[in-house]
Amino acid sequence: MAEVAFYGFSTLAIGAALTILFTRNVMYAALCLFLALLGVAALYVLAGADFLAITQLLIYVGGVLVLLIFGIMLTYRPDREGNQKKNYVITTHVNQFWGGLVALGIFGVLFWIIVNANFMILHSPQLAEFTSQRSTLRTIGVSLMTTHVWAFEVAGILLLVALVGAAYVATQREK
C-alpha cells in the first residue's frame, strides 16, 4: 500500500510540475504549484519526515503560495471593453535545447551524488537512540541546538538584519 501511495503522490507532484512548465496561464500554474507542493509534502510523510511535511504545508502551501495567488489575482487588468484579461506569460526565448541540456547536466550530477553518497549518519551511535522513535522532530531539534547551532544563530541574525533593513526602507522619510 505504501508503494502505491508513493507512486501516486510522486505522479501527482511530477505531473503538476510539468503542467507548471507547459501552461501559459499564470493562475493555472499557481494552482498546479499548490498540487505539486502537496504531493511533495505527502512524499515527506511517506519518508517519515513529519517535521518537513508540516513545514512544507505551513510555510510553502500556507504562506508563500497564498501570497503568490493573491498577487496574481490582484494583477488582473481589465481590457478596453471592461473584461478581465488573463495573465499569460509570454516568452520570446526558444532556447529549449540549452535549457534541457543544463537540466540534464544538473540531474546527472545530483543523481551521481545520491548514488555515491555514504549515508553513515544513519548508523551513527549518537543518533541510534533518536532514530528508534517515530518522530524526526527530536532529532532535528537536538541537531540544531548542538552541532548546527552556529548556522542557526547566523541565520537568525541575518533575518533580523533583513527585517530591520526592510522596515527602514519602508518608512517614509522627509527629504
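Residues numbered from 1 in each chain as written. Predicted model: local features only at pLDDT ≥ 70, side-chain atom pairs only at ≥ 80, totals over all residues. Heavy atoms only, no water.

Some thoughts on the overall build of the chain
What the chain contains, in helices and strands, is seven helices and two strands. Reading the chain from its N terminus to its C terminus gives the helix and strand order α-α-α-β-β-α-α-α-α. Here the chain holds 175 residues, and the buried ones make up 14% of them. Counted over contacts in the chain with a minimum sequence separation of 6, partners at least 24 positions apart contribute 53%. For the chain, the accessible area works out to roughly 14300 Å², and carbon and sulfur atoms hold 72% of it. (Helix = DSSP H or I, 4+ residues; strand = E, 2+ residues; numbered from the N terminus. Buried < 20%, exposed > 50% of the residue type's maximum accessible area, 1.4 Å probe, protein only. Contact = heavy atoms within 4.5 Å. Areas by Shrake-Rupley, 256 points an atom, 1.4 Å probe, with all protein chains shown as cover.)

Observations concerning the packing of helix 1 (residues 2-22) against helix 2 (residues 26-47)
For any two helices packed against each other, one specifies the crossing angle of their axes together with the interaxial distance. Here helix 1 crosses helix 2 at 155 degrees, and the two axes come no closer than 8 Å. Considering the angle they form, helix 1 stands roughly antiparallel to helix 2. The hand of the helix 1/helix 2 crossing is left-handed. The residues of helix 2 that touch helix 1, namely those facing A2, A5, F6, F9, S10, L12, A13, A16, A17, T19 and I20, are A29, C32, L33, L35, A36, G39, V40, A42, L43 and L46. (Axes fitted to C-alpha atoms, helices over the stretch in contact; angles between N-to-C directions. Parallel < 35°, antiparallel > 145°, perpendicular 65-115°, else oblique. Left-handed = near helix turned anticlockwise from the far one by under 90°.)

Some remarks on the nonpolar core
Counting residues in each nonpolar core, the largest one holds five residues, listed as M27, A30, L65, I69 and I72. For this core, the secondary structure elements donating two or more residues are helix 2 and helix 3 (50-74). Considering every element that reaches this core, the biggest residue donor is helix 3, with three residues. (Core = buried A, V, L, I, M, F, W, Y, C linked by side-chain atoms within 4.5 Å.)

Concerning the packing of aromatic side chains
Enumeration over the complete set of coordinates arrives at three aromatic pairs. When the centroid spacing of 5.1 Å and the interplanar angle of 75 degrees are considered together, the rings of F97 and W98 count as edge-to-face. Note on F97: relative accessible area 57%, which makes it exposed. (Phe/Tyr/Trp six-rings, centres within 6.5 Å; stacked < 30°, edge-to-face > 60°.)

Description of helix 1
Between the first and last C-alpha of helix 1 there are 30 Å, a value that for 21 residues agrees with the 30 Å anticipated at 1.5 Å per step. Considered for burial, the residues of helix 1 that qualify are S10, A13 and A16. End-on, the buried residues of helix 1 take up no more than an arc of 130 degrees, which puts them together on one face. For helix 1, the exposed residues lying more than 90 degrees away from the buried face are E3, V4, T11, I14 and F22. Along its buried surface, helix 1 packs onto helix 2. (Expected span 1.5 Å × (residues − 1). Arc of directions from axis to C-beta.)

Re the side chain of S10
Mapping S10 onto the fold places it in helix 1. On the accessibility criterion, S10 (13% relative accessible area) is buried. A polar atom in the side chain of S10 sits 3.2 Å from the backbone oxygen of Y7. (Polar contact = N/O pair within 3.5 Å; in protein donor to acceptor, adjacent residues only side chain to side chain.)

A closer look at the confidence of the model for the chain
When pLDDT is low, close inspection of the predicted coordinates is not appropriate. When the pLDDT values of the chain are averaged, the result is 78; 74% of them are 70 or greater. By mean pLDDT, the top-scoring element of the chain is helix 1 (90), and the lowest-scoring one is helix 5 (residues 128-131) (51). (pLDDT = per-residue confidence, 0-100.)

Section: the environment of Y44
With respect to the element layout, Y44 can be found in helix 2. The spacing of Y44 and F6 is 38 residues in sequence and 10.0 Å in space, taken between C-alpha atoms.

Concerning a nonpolar patch on the surface
Together, F6, Y7, F9, L12, F34, L35 and L46 make up a nonpolar patch on the protein surface, roughly 590 Å² of accessible area in all. Mapped by element, the contributors of at least two residues to the nonpolar patch are helix 1 and helix 2. Among the elements that make up the nonpolar patch, the one with the highest residue count is helix 1 (four residues). Topologically, F6 is positioned in helix 1. (Patch = residues over 30% accessible without salt bridge, like charges linked within 9 Å, V, L, I, M, F, W, Y side chains within 5 Å. Salt bridge = Lys/Arg side-chain N within 4 Å of Asp/Glu carboxyl O.)

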